[in-house]
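Below, each chain spelled out in residue letters.
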Amino acid sequence: MAPAAALTGRPAWPQARNAPPGGAPESGQDLPPRLLLKDYRPRSIYKIPQSDIRKARFPIIDAHCHGPRPLDGLPEWVKLMDAVGVEKTIIFTGANSAAKFSEIRKAYAKFPGRFDLWCSLDLSGAGGAFEASAVKALKECREAGALGVGEVIDKGWGFRSFRPQGGGAARTPGPHADDPRMDPIWDQCAQLGMPVNLHVSDPIWSYQPMDETNDGLMNAYRWRIDDRQPGILGHDALIETLERAAQKHRRTLFVASHLANLDYDLTRLGQLFDRNPNLYADVSARFGEIAPVPKFVNRFLRKYPGRVVYGTDMTYSQRMFSNTFRILESEDEHFYDTYQYHWPLYGCGLPDSVLKKVYADNMREVLKRALRGAG
Ligand SMILES: [Zn+2]
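Residues numbered from 1 in each chain as written. Predicted model: local features only at pLDDT ≥ 70, side-chain atom pairs only at ≥ 80, totals over all residues. Heavy atoms only, no water.

1. Digging into the state of the cysteines
- Inspection of the entire model under this criterion finds zero disulfides.
- Note on Cys-119: no disulfide assigned, nearest cysteine sulfur contributed by Cys-141 at a separation of 4.2 Å. (Disulfide = S-S within 2.5 Å.)

2. What to know about the pattern of salt bridges
- This structure, assessed with the given rule, holds 23 salt bridges.
- Among the ionic pairs, Asp-39 bridges to Lys-38, the shortest N-O distance being 3.4 Å.
- Note on Asp-39: relative accessible area 13%, which makes it buried.
- Overall, Lys-38 belongs to the exposed group, its relative accessible area being 55%. (Salt bridge = Lys/Arg side-chain N within 4 Å of Asp/Glu carboxyl O. Buried < 20%, exposed > 50% of the residue type's maximum accessible area, 1.4 Å probe, protein only.)

3. Comments concerning the packing of aromatic side chains
- One pass over the structure, following the stated rule, counts 18 aromatic pairs.
- For the pair Tyr-336 and Tyr-339, a centre-to-centre distance of 5.7 Å together with 15 degrees between the ring planes defines the contact as stacked.
- On the basis of relative accessibility, which here comes to 8%, the residue Tyr-339 falls in the buried class.
- Ring pairing ties together the aromatic residues Trp-77, Phe-287, Tyr-310, Tyr-316, Phe-321, Phe-325 and Tyr-359, which thus form one cluster.
- It is Arg-307 that lies over the ring of Tyr-280; its NZ or CZ is 5.6 Å from the centre.
- Directly above the aromatic system of Phe-335 lies the positively charged group of Arg-326, at a separation of 3.7 Å from the ring centroid. (Phe/Tyr/Trp six-rings, centres within 6.5 Å; stacked < 30°, edge-to-face > 60°. Lys NZ or Arg CZ within 6 Å of the ring centre and 35° of its normal.)

4. Digging into the pairing of strand β4 (residues 149-154)
- Most of β4 sits inside the fold, with five of its six residues counted as buried.
- Two elements, β4 and strand β7 (residues 196-200), share five bridges in a ladder whose sense is parallel. Bridge pairing in β7 places Asp-154 opposite Val-200. (Helix = DSSP H or I, 4+ residues; strand = E, 2+ residues; numbered from the N terminus. Pairing = 2+ DSSP bridges.)

5. Notes on the coordination of the zinc ion
- Every protein donor of the zinc ion is accounted for by His-64 (NE2), His-66 (NE2), Glu-151 (OE) and Asp-313 (OD), and the metal-donor separations fall at 2.0 to 2.7 Å.
- Counting residues between consecutive donors of the zinc ion along the chain gives the motif H-x1-H-x84-E-x161-D. Of this pair, His-64 sits in strand β1 (residues 60-65) while Asp-313 sits in the loop between β10 (308-309) and α12 (318-329), and the two are 249 residues apart along the sequence.
- Of the residues examined, His-64 reaches a relative accessible area of 0% and is grouped as buried. (Donors = N, O, S within 2.8 Å, 3.2 Å for Na, K, Ca; no water.)

Here it is as structure tokens:
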């Protein structure tokens with residue numbers, strides 16, 4: 001699995017097995033009754049416009065990326081960034097100490113102006129008393145060049161100290177975003193002019209029963225969380241922790257990862273935006289989730305043009321970028337890409353004014369606002 005995907009726990013876009021018949025599941029008349037959902041690979045045969053957008057209509061800031069693994073893949077990434085129109089990428093280094101951060105920074109320093117590096121939080125303080133050590137590590141990371149914090153992840157069992165090199169996280173329940181122990185940390189982020197990318201929950205279907213009524217089953221089963229309840233916070237409760245943190249820390253700028261996992265309920269995301277002027281959201285790794293409802297997404301983003309930022313959270317490839325451009329820019333209908341879900345995808349046909357903001361202007365605003373609010 002691609003490193004970026006490994007970090008987020010969600011597949012960038014699972015490799016479609018839409019290989020020629022040789023690679024497809026066995027065929028033949030009696031196949032349908034035994035065809036498994038996970039092997040379903042429909043191909044659209046509609047004779048309708050098909051866009052192949054190689055470069056974004058406006059310059060891009062990718063606000064959600066974990067970078068290549070290993071780092072010697074960087075030159076190729078930069079070449080691709082030039083080809084598809086990515087001006088700058090925000091890298092979640094996963095480093096929660098100045099030493100680790102500085103080590104990773106060496107590789108990116110070869111490409112000045114193309115990458116902003118963000119650090120993670122050190123929440124490993126003894127016995128849960130992590131506030132002081134976390135604030136100290138944050139200040140040191142800022143001095144070492146970190147421009148933001150993220151991605152900080154809570155899918156129900158709280159934040160954890162994060163070890164970047166594929167070690168995964170220590171399996172002890174950690175604090176949620178509204179935990180009072182997080183207060184000095186969120187305040188320190190504001191003080192240092194560092195926005196925070198905060199991942200709460202996951203796609204709603206992962207929390208629902210894994211049965212024939214689950215619309216998102218094809219992907220949700222891979223990332224199921226339903227079987228971890230009751231010991232963890234559920235989807236709704238997690239969204240509330242995000243709002244409480246944003247309300248309590250008005251000087252801190254929060255970017256909710258993945259549309260706050262409210263891709264299926266954008267009205268609620270809009271209400272969060274209305275109540276919390278310091279809250280934004282990135283659309284990363286949720287293109288498959290917005291593409292079935294293009295008209296509603298179009299209206300939503302025209303109502304909130306200044307609050308959503310472009311992000312990938314996927315391994316860089318021309319195909320990945322083109323698919324995101326097709327979903328944001330085109331009015332294409334009924335197409336498939338990498339079969340993350342069983343449903344077909346549609347283009348949202350966003351107007352230039354909204355595209356320009358989502359692609360880069362909004363994230364520029366977040367970075368400027370954070371620095372203005374510093375000190
Ligand atoms: Zn991520």
